[in-house]
Amino acid sequence: MKIKAAENGPYLIEVSEAKVKRDGKEEALSQKTIALCRCGQSSNKPFCDGTHRKHEFKGGLAEIEVR
Ligand code: FES
């Protein structure tokens, strides 16, 4: 699995299949790339909702490969 920290943006995780469980509900995710909030400002945590742009979040590019 590869986790990428987008420059000035979220953590991006490439997946073949994913489910999210929150508030007692489980939901299958259809997207192949999941964007997780890294700035702490999203209204849809743990997911990125684009709010990092409004807050001009700064964070470097990084890539983590997990085996
Ligand atoms: S990283 Fe996008 S809203 Fe936080």
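This report concerns the structure included in the present document.

Quick notes on the rules
- Residues numbered from 1 in each chain as written.
- Predicted model: local features only at pLDDT ≥ 70, side-chain atom pairs only at ≥ 80, totals over all residues.
- Heavy atoms only, no water.
- Core = buried A, V, L, I, M, F, W, Y, C linked by side-chain atoms within 4.5 Å.
- Buried < 20%, exposed > 50% of the residue type's maximum accessible area, 1.4 Å probe, protein only.
- Contact = heavy atoms within 4.5 Å.
- Helix = DSSP H or I, 4+ residues; strand = E, 2+ residues; numbered from the N terminus.
- Pairing = 2+ DSSP bridges.
- Axes fitted to C-alpha atoms, helices over the stretch in contact; angles between N-to-C directions.

Notes on the nonpolar core
Thinking step 1. Judged by nonpolar contacts, Ala 18, Val 20, Leu 29, Ile 34 and Phe 47 together constitute the single largest core of five residues.
Thinking step 2. Once you skip the residues sitting within four places of it in the chain, Ala 18 turns out to touch Glu 27, Ala 28, Leu 29 and Ile 34.

As for unusual backbone geometry
Thinking step 1. Note the cis peptide between Lys 45 and Pro 46, where omega equals 15 degrees.
Thinking step 2. In this structure, Pro 46 sits in the loop between strand 5 (33-36) and helix 1 (51-54).
Thinking step 3. Positive phi is not limited to glycine here, since Asp 23 has a value of about 50 degrees.
Thinking step 4. In this structure Asp 23 comes out as exposed when scored by relative accessible area, which is 76%.
Thinking step 5. Even without a glycine there, the phi angle at Glu 56 is positive, about 50 degrees.
Thinking step 6. Looking at where Glu 56 falls in the secondary structure, it is placed in the loop between helix 1 and strand 6 (62-65).
Thinking step 7. Classification of Glu 56 by relative accessible area gives exposed; the value is 59%.

Things to note about the sheet that holds strand 6
Thinking step 1. Taken together, four strands build an open sheet; the order of strands is 5-2-1-6 and the sheet is antiparallel. Each having just a single partner strand, strand 5 and strand 6 make up the two edges of the open sheet. On average, adjacent strands in this sheet sit at an angle of 20 degrees to one another, irrespective of strand direction.
Thinking step 2. As judged from the three bridges shared by strand 1 (residues 2-5) and strand 2 (residues 11-14), these two strands associate in the antiparallel manner. Each residue of the ladder has a partner; that of Lys 4, found in strand 2, is Leu 12.

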